[in-house]
Amino acid sequence: IIGDMDSLKNREHWAGKTQLIAMTEQDTTDFEKCLYSTRAPMRIEMGMRGGRLDHTLGALDVLVRYGQNSPLAMVSEEDLILVGSGDFSFDVEAGARVSVHPVVPVKFAESRGLEFPLIGVELVPGIRTGVCNKAISTRFEITPEPGEKSPYLVIIEKSYLNNWMRAGER
């Protein structure tokens, strides 16, 4: 268990059962402390939100910051949240829910396999998002404008976690 331990209940219960790594700095969240303190070829975030919206927003912020450079996914009760930066493609079942949410303005050149194409579409936080789209084939592809590397979130059903893990093994 890595973090500042301010929300760990019954610390004595965990002592001896697992390693506790207490970090006193308060400039980062426990999630970020975990990411910068460990190395792994692939990481899955679960439970860092604590059931609170402010924790969820903080976790999404960390996901974007770290997920652009290494395989990192966030899993909630219903969703698998991935970071796209540049071209993005994924295998799903036709009819699967696919949402694309910008974290900064991002313009897309094209997409394939989505009911509502992102051809020439600019997504901007607070103005236009790409929620509630749907896959119309077993693979969808998203291509930003040439040179566009702005991050965006791709939100799909959590049942695709194994697909994501298998894709990362290649």
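Residues numbered from 1 in each chain as written. Predicted model: local features only at pLDDT ≥ 70, side-chain atom pairs only at ≥ 80, totals over all residues. Heavy atoms only, no water.

A. Region of the structure containing the pattern of salt bridges. This structure, assessed with the given rule, holds nine salt bridges. Arg65 serves as the salt-bridge partner of Glu32, at 2.8 Å between the closest nitrogen and oxygen. With Glu32 in helix α2 (residues 30-37) and Arg65 in helix α3 (residues 53-67), this residue pair connects regions lying 33 residues apart in the sequence. We classify Glu32 as buried; its relative accessible area is 11%. A salt bridge links Asp79 to Arg97; its shortest N-O distance comes to 2.7 Å. In this pair, Asp79 sits in strand β5 (residues 79-85) while Arg97 sits in strand β7 (residues 97-102), placing the two residues 18 residues apart along the sequence. For Asp79, a relative accessible area of 19% translates into the label buried. (Salt bridge = Lys/Arg side-chain N within 4 Å of Asp/Glu carboxyl O. Helix = DSSP H or I, 4+ residues; strand = E, 2+ residues; numbered from the N terminus. Buried < 20%, exposed > 50% of the residue type's maximum accessible area, 1.4 Å probe, protein only.)

B. Examining unusual backbone geometry more closely. In this structure, Cys132 is a non-glycine residue whose phi angle is positive, near 65 degrees. Along the chain, Cys132 turns up in strand β10 (residues 130-134). On the accessibility criterion, Cys132 (60% relative accessible area) is exposed.

C. Region of interest: the environment of Ile136. Inspection of the secondary structure assignment puts Ile136 in the loop between β10 and β11 (139-144). Separated by 77 residues in sequence, Ile136 and Ala59 have C-alpha atoms that sit 30 Å apart. Excluding its chain neighbours within four sequence positions, the residues that come into contact with Ile136 are Ala94, Gly113, Leu114 and Glu115. (Contact = heavy atoms within 4.5 Å.)

D. Layout of the packing of aromatic side chains. For the coordinates displayed, the defined rule picks out five aromatic pairs. A centroid spacing of 6.4 Å and a plane angle of 15 degrees characterise the contact between Phe88 and Phe90, whose relative ring orientation is stacked. Chaining the aromatic ring pairs together yields one cluster made of Phe88, Phe90, Phe140 and Tyr160. (Phe/Tyr/Trp six-rings, centres within 6.5 Å; stacked < 30°, edge-to-face > 60°.)

E. Quick peek at the side chain of Glu148. As for its placement among the helices and strands, Glu148 is situated in the loop between β11 and β12 (151-157). Buried within the structure, Glu148 lacks any salt-bridge partner; Lys107 is the closest side chain of opposite charge, at an N-O distance of 8.7 Å. Here the side chain of Glu148 touches Ser150 through a polar contact of 2.5 Å, side chain to side chain. Discounting residues that sit within four places of it in the chain, Glu148 has contacts with Gly86, Pro105, Val106 and Lys107. (Lys, Arg positive; Asp, Glu negative; His and termini not counted. Polar contact = N/O pair within 3.5 Å; in protein donor to acceptor, adjacent residues only side chain to side chain.)

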